[in-house]
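# Examination of the molecular architecture
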Amino acid sequence: MKRFIHTIVNLIAALLIMTGLFIAVCLFLSFTKEDFDLEGLASVRSVSDLVDWYHGESMEAMIGEPVIVESVSYDRYVYQTMSEEEQETYDQIYDCIINYKDKVTLSTKDKDVLAKAYEGVMADYGNLFWISGYQYNTYASGSNILGLEFEPKYTMNQEQRDIYQVKIDSVVADWLYGINPEASDFDKALYVFETLIEKVDYDVNSQENQNILSVFIYQSTVCQGYADAAWYLLDQLGIKSTIVTGTANNESHAWNLVYLDDAYYYMDVTWGNSKYLDDNNDTSKRINYAYLAMTTEEISQNHVITSSFEVPECLSNADNYFVKKGLYYDWFGVDAIGARLAESYNAGDEEISLKFSNSDLYTRVLTYFFDEKHISDYIQELQSVYYLLDENSNVITIKWR
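Treat the numbers as computed from the prediction; the structure is a model and nothing was measured. (Residues numbered from 1 in each chain as written. Predicted model: local features only at pLDDT ≥ 70, side-chain atom pairs only at ≥ 80, totals over all residues. Heavy atoms only, no water.)

### Quick look at the nonpolar core
- One finds Leu196, Phe216 and Leu341 to be the most contacted residues of the largest nonpolar core, which totals 105 residues.
- Sort the elements by how many residues they give to this core and helix 10 (residues 223-236) lands first, with nine residues.
- If sequence neighbours within four positions are ignored, phenylalanine 216 has contacts with Ile168, Val171, Val172, Trp175, Ala229, Tyr232 and Leu233. (Core = buried A, V, L, I, M, F, W, Y, C linked by side-chain atoms within 4.5 Å. Buried < 20%, exposed > 50% of the residue type's maximum accessible area, 1.4 Å probe, protein only. Helix = DSSP H or I, 4+ residues; strand = E, 2+ residues; numbered from the N terminus. Contact = heavy atoms within 4.5 Å.)

### Focus on the packing of helix 7 (residues 158-175) against helix 10
- At their nearest, the axes of helix 7 and helix 10 sit 11 Å apart, and the two run at 65° to each other. Comparing their axes, helix 10 and helix 7 come out roughly perpendicular. As helix 7 packs across helix 10, the resulting crossing turns out to be right-handed. Mapping the contact onto sequence places Gln165, Ile168, Asp169, Val172 and Trp175 in helix 7 and Tyr232, Leu233 and Gln236 in helix 10.
- Taken together, the residues of the contact of helix 7 with helix 10 break down into five nonpolar, two polar and one charged. (Axes fitted to C-alpha atoms, helices over the stretch in contact; angles between N-to-C directions. Parallel < 35°, antiparallel > 145°, perpendicular 65-115°, else oblique. Left-handed = near helix turned anticlockwise from the far one by under 90°. Nonpolar A, V, L, I, M, F, W, Y, C, P; charged D, E, K, R; others polar.)

### Points about unusual backbone geometry
- Phi is positive for asparagine 250, close to 70°, though the residue is something other than glycine.
- According to the relative accessible area criterion, asparagine 250 is exposed, its value standing at 77%.
- Although it is not a glycine, aspartate 261 adopts a positive phi angle of roughly 50°.

### Observations concerning the packing of helix 8 (residues 185-199) against helix 10
- Interaxial distance between helix 8 and helix 10 falls to 10 Å at its minimum, and their mutual angle equals 140°. Taken together, the axes of helix 8 and helix 10 are oblique relative to one another. Crossing hand, helix 8 versus helix 10: right-handed. Where helix 8 approaches helix 10, its residues Ala189, Val192 and Leu196 are matched on the opposing element by Tyr226, Ala229, Ala230, Leu233 and Leu234.
- Looking at the contact of helix 8 with helix 10 residue by residue, the class counts come to eight nonpolar, no polar and no charged.

### Looking at the environment of lysine 111
- Here lysine 111 lies in helix 6 (residues 111-124).
- It is 9.7 Å that separates the C-alpha atoms of lysine 111 and asparagine 137, two residues lying 26 residues apart in sequence.

### Remarks on the sheet that holds strand 1 (residues 104-105)
- If you walk across this open sheet you meet the three strands as 1-3-2, and the pairing is antiparallel. Of all the strands in the sheet, just strand 1 and strand 2 (131-141) have a single pairing partner and so form its edges.
- Across nine bridges, strand 2 lies against strand 3 (residues 144-154) in antiparallel orientation. Looking at the pairing, asparagine 137 lines up with glutamate 149 of strand 3.
- Against the sheet, helix 5 (residues 84-98) contacts strand 1, strand 2 and strand 3, and its axis sits at roughly 35° relative to strand 3.
- Helix 6 rests against strand 2 and strand 3 of the sheet, and its axis sits at about 160° to strand 2. (Pairing = 2+ DSSP bridges.)

### Focus on helix 10
- Given a rise of 1.5 Å per residue, 14 residues ought to cover 20 Å, and the 20 Å separating the end C-alpha atoms of helix 10 matches this to within 8%.
- With twelve of its 14 residues buried, helix 10 lies for the most part within the structure.
- Those residues of helix 10 lying buried are Cys223, Gln224, Gly225, Tyr226, Ala227, Asp228, Ala229, Ala230, Trp231, Tyr232, Leu233 and Leu234.
- In the segment just after helix 10, glycine 238 is the residue with positive phi, at about 80°. (Expected span 1.5 Å × (residues − 1).)

Structure representation (structure tokens):
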């Protein structure tokens, strides 16, 4: 009996010593490890709880501490629409991509915040040609999310990126040589719009067509490449723009939200290329200026925005190409329209495009001048006329030569 009691006493003593040592270690760690979960340890009530607590501490030790990054994107459109948590995540993602880091621990533990922040970065920056998507790693203990890690998917190494960047900068400098840095916002946007359509073909089989390499290296692209390249050229000229995604005629599409002369507009370079839609079977590429600076009402005729961020109501038409050039009509003034057509014909222009404020006016003008042939009242020597119609934008283009 005495031996049994002695054994029990020794066991109790050993347990007390081990407990004391364990508490001492925990106290030491609580002073040396900033985020040591002492409260979590105190809540342990079973071996299972202790295992979960230890697993959590081990998982936290595996991931790095999130680092708050100083923002360089405070003037970017999507960034300004975000919550503080989304902005911190956005900054960490952008810093990771720009500095070619393999991965980064995020401040957020919410994968939806991560997704929204990444979308914002790609909308606010069209120059990130070396990345295509991302994956994320979640660290958890049971149902408790301990950390979230962002890991970008790079399409090339850093040296390759730098080589391509030099080539891009050379092409961009050449393309922008013809525009005065002091030009108006409208003239800069017009120059970018015309330059991209004239120099770059639409081709679904183009190389690297989801980024600016397709535009500046290969000179053929699709909508994403056009939108990214428009962003890049406008950014070089000091014009803020954002890449918007959605659908157009029920197909996936990308275009730009641009800020010109203190107002927002939509610009779609892809649709500005006549060879993209080619409803008129035009044999040569021409520029459709209806898609240079559009209002929300105009873009909504055939485009649907699916980007998750809020977009502004674009109401101004002050920088609309046709308004700027005196080619916009909101009344049925047949003599004024006829005189403008005669002026273009007599000047030796190859073509002229007129835009009308609504579909009813557009139809009346089309009927009067072409179906009823009153255009000959103003241009007597005209034997025949070839014209193109853009019903979506209420634009009539007459080709003289």
